[in-house]
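Chain and residue survey
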Amino acid sequence: MLRSFTKLVGTAVIVLGLASAAHAQTEADIIRPLTKAGSAAFMFTFGGFGTFNLGAPVIGTVSSGTTNQTVSGAGMKYFFSDDLALRLAFAFGTNSSGADTLTGGKETNTNYGIGAAVEYHMRPLYSTSPYIGGGINFASASRTMTNKVGTADQDTKISGTTFGVGIFAGFDWFFTRGIALGAEYGLGFATTSSSLTTPNGTSSTTTDAPSSSSIGLGLNGAASVHAVVYF
């Protein structure tokens, strides 16, 4: 009886020792989140997992006439203190279609925007760093149609702006060193306005459309999935 009990205790000690060693090895292998002061990273968003569409962070959605235009730009985050990060996104782009005004006119699209937010990272859960935060954004987009009338160019311009503010919560999961995947939800308020400028003889007439406001899920009106690459 005593011998059996001794064997049982000995076996339990061995099992507990192996379990402790395995647990220690697992803890050592955990990839710790990067949230120390001075850490910096580029930010990207996923448009969908099916096509693995990696893109720039969305700054805002602008209504210009009957269409909505999404303004996206380069984004990064920088930890100015332990567990506190400032993230910024900038956008600027312009493009033209049509050879010139003599061949049926041309169209020029221009957009720009800026977004800023602060993240507070809470106690990490193994390789996952949950965070909360808040931010603001501003975006503008315009579309100009130029046509030749007689010997003069006449422009019809549709433009719009949006301003948003919101709070959010999300996480970064470090599946390898220096690279994390994450997701984010939030609650945001946005206000938009747009105008139409049409030629009127030698001058032009601008008509402002009624502005609108909305409260929705996410800082930019939707949830997001993102990737973070540290450098």
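So, how was this worked out
- Residues numbered from 1 in each chain as written.
- Predicted model: local features only at pLDDT ≥ 70, side-chain atom pairs only at ≥ 80, totals over all residues.
- Heavy atoms only, no water.
- Helix = DSSP H or I, 4+ residues; strand = E, 2+ residues; numbered from the N terminus.
- Buried < 20%, exposed > 50% of the residue type's maximum accessible area, 1.4 Å probe, protein only.
- Phe/Tyr/Trp six-rings, centres within 6.5 Å; stacked < 30°, edge-to-face > 60°.
- Lys NZ or Arg CZ within 6 Å of the ring centre and 35° of its normal.
- pLDDT = per-residue confidence, 0-100.
- Contact = heavy atoms within 4.5 Å.
- Polar contact = N/O pair within 3.5 Å; in protein donor to acceptor, adjacent residues only side chain to side chain.

If you tally the helices and strands in the protein chain, you get 1 helix and 13 strands. Each helix and strand of the protein chain, ordered N terminal to C terminal, gives the series α-β-β-β-β-β-β-β-β-β-β-β-β-β. Out of the 231 residues in the protein chain, the part that is buried amounts to 32%.

So, on to the packing of aromatic side chains. Applying the stated criterion across every chain yields a total of 5 aromatic pairs. Aromatic pair Y131 and F168: ring centres 6.2 Å apart, planes at 75°, arrangement edge-to-face. Separated by 37 residues along the polypeptide, Y131 in strand β8 (residues 128–149) and F168 in strand β9 (residues 152–176) bring together distant segments of the chain. The buried category is assigned to Y131, whose relative accessible area is 1%. Taking the centre distance of 5.8 Å and the plane angle of 40° together, the rings of W173 and F175 count as tilted. The class for W173 is partly exposed, based on a relative accessible area of 39%. Seen from the ring of Y131, K77 lies directly overhead, with NZ or CZ sitting 5.6 Å from the centre. The ring of F168 has R87 sitting right over it, with the charged end atom 4.3 Å from the ring centre.

Averaged over all residues, the pLDDT of the protein chain is 80; the fraction at 70 or higher stands at 77%. Considering only residues more than four positions removed or in separate chains, one finds that residues 4–25, a stretch of pLDDT under 50, has 0 contacts.

For the rest of this paragraph, the subject is the side chain of E119. As for its placement among the helices and strands, E119 is situated in strand β7 (residues 106–121). Engagement of the side chain of E119 in a polar contact is seen with the side chain of K77, the distance being 2.9 Å. Beyond its immediate sequence surroundings of up to four residues, E119 is in contact with K77, D83, L84, A85, R87, Y131, I132, G133 and F168.

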